[in-house]
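Inside the fold
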Amino acid sequence: MKKLTINGYLTAFSGFYVWAKKKNLVGNNDVNPTKDLFYSKKETNAEAKKPKAFTPENAKALIEYYKKYYKIQRPDFFWASMIMLHCGLRQKEASQLLISDIHTRNGLSYISVQADNSDIKSVKNEHSRRSIPIHQQLIDWGFVKRYIYNCDIVKKERKEFMI
């Protein structure tokens with residue numbers, strides 16, 4: 001059993017003991033039996049497993065897999081995943097993107113993450129409103145010139161979700 005789990009059980013038992021003491025079910029001079037049994041925060045934190053980051057090889061293999069299986073069959077899924085990976089968007093932000101959120105100014109393509117007045121688009125907080133440059137790798141793969149352009153033609157300039 002993990003030390004954090006043990007501390008949870010001890011906390012519950014300690015609470016029960018305090019309740020019993022208030023109800024005079026145990027003597028007033030009795031010491032809480034869990035008093036010295038808890039593991040320290042240092043011990044429980046040391047036991048917690050830290051998530052491992054992708055190695056460059058893992059990341060490359062994942063991207064290649066997505067390119068092979070999703071770019072043609074599910075371009076919406078492919079581009080949403082690649083935008084999250086390369087631009088740092090949250091899942092909800094990527095899934096709410098509109099064609100009108102993709103801009104190019106002075107030769108720089110960027111994504112505008114904004115909320116609108118509807119219940120459809122929202123941001124986590126005010127600091128989440130931002131403009132994010134589109135990663136060069138996405139541009140090289142045709143995100144702006146092919147995918148967004150094709151979406152724009154198909155959707156006939158209507159504000160519709162691109163993902």
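So, here is what we can say about the structure in this document. (Residues numbered from 1 in each chain as written. Predicted model: local features only at pLDDT ≥ 70, side-chain atom pairs only at ≥ 80, totals over all residues. Heavy atoms only, no water.)

Observations concerning the pattern of salt bridges
Worth spelling out the cut-off: For salt bridges, the criterion is a side-chain nitrogen of Lys or Arg within 4 Å of an Asp or Glu carboxyl oxygen. Going along the chain from the N terminus, every DSSP run of H or I of four or more residues is numbered as a helix, and every run of E of two or more is numbered as a strand. Each residue gets one of three labels from its accessible area relative to the maximum for its type: buried under 20%, exposed over 50%, partly exposed in between, using a 1.4 Å probe on protein chains only.
Throughout the structure, instances matching the rule amount to four salt bridges. Residues Arg130 and Glu93 are paired through a salt bridge, measuring 2.9 Å at the closest nitrogen-oxygen approach. On the criterion of sequence distance, the pair formed by Arg130 in strand E3 (residues 130-133) and Glu93 in helix H5 (residues 91-95) is long-range, its members being 37 residues apart. Since its relative accessible area comes to 23%, Arg130 is described here as partly exposed.

Description of the sheet that holds strand E1 (residues 102-105)
Rules: The criterion for strand pairing is that DSSP finds at least two bridges linking the strands in question. Lines fitted to C-alpha atoms define the axes, with helix axes restricted to the stretch in contact, and inter-axis angles between N-to-C directions lie between 0 and 180 degrees.
The three strands are arranged E1-E2-E3 in an open sheet whose pairing can be described as antiparallel. What marks the edges here is a single partner per strand, and that holds for E1 and E3. Ignoring which end each strand starts from, the neighbouring axes of this sheet average 35° apart. Here E1 pairs with strand E2 (residues 108-113) via four bridges, running antiparallel.

So, the packing of aromatic side chains
Two aromatic rings, taken as a pair, are described by how far apart their centres are and by the angle between their planes. Put simply, the rule reads: Side-chain rings of Phe, Tyr and Trp, where Trp is taken by its six-membered ring, are said to pair if the distance between their centres is within 6.5 Å; with planes under 30 degrees apart they count as stacked, over 60 as edge-to-face, and otherwise as tilted.
Taken as a whole and judged by the stated rule, the model has 10 aromatic pairs. Geometrically, the ring pair formed by Tyr65 and Tyr66 is edge-to-face, given 6.3 Å between the ring centres and 70° between the ring planes. Its relative accessible area of 41% is what places Tyr65 among the partly exposed residues. For Tyr66, a relative accessible area of 17% translates into the label buried. With centroids separated by 4.9 Å and ring planes inclined at 75°, the aromatic side chains of Phe78 and Trp79 adopt a geometry described as edge-to-face. Taken individually, Phe78 and Trp79 each receive the classification buried, so the pair is uniform in this respect. Through pairs of rings, three or more aromatic residues link up here, namely Tyr65, Tyr66, Tyr69, Tyr70 and Phe77.

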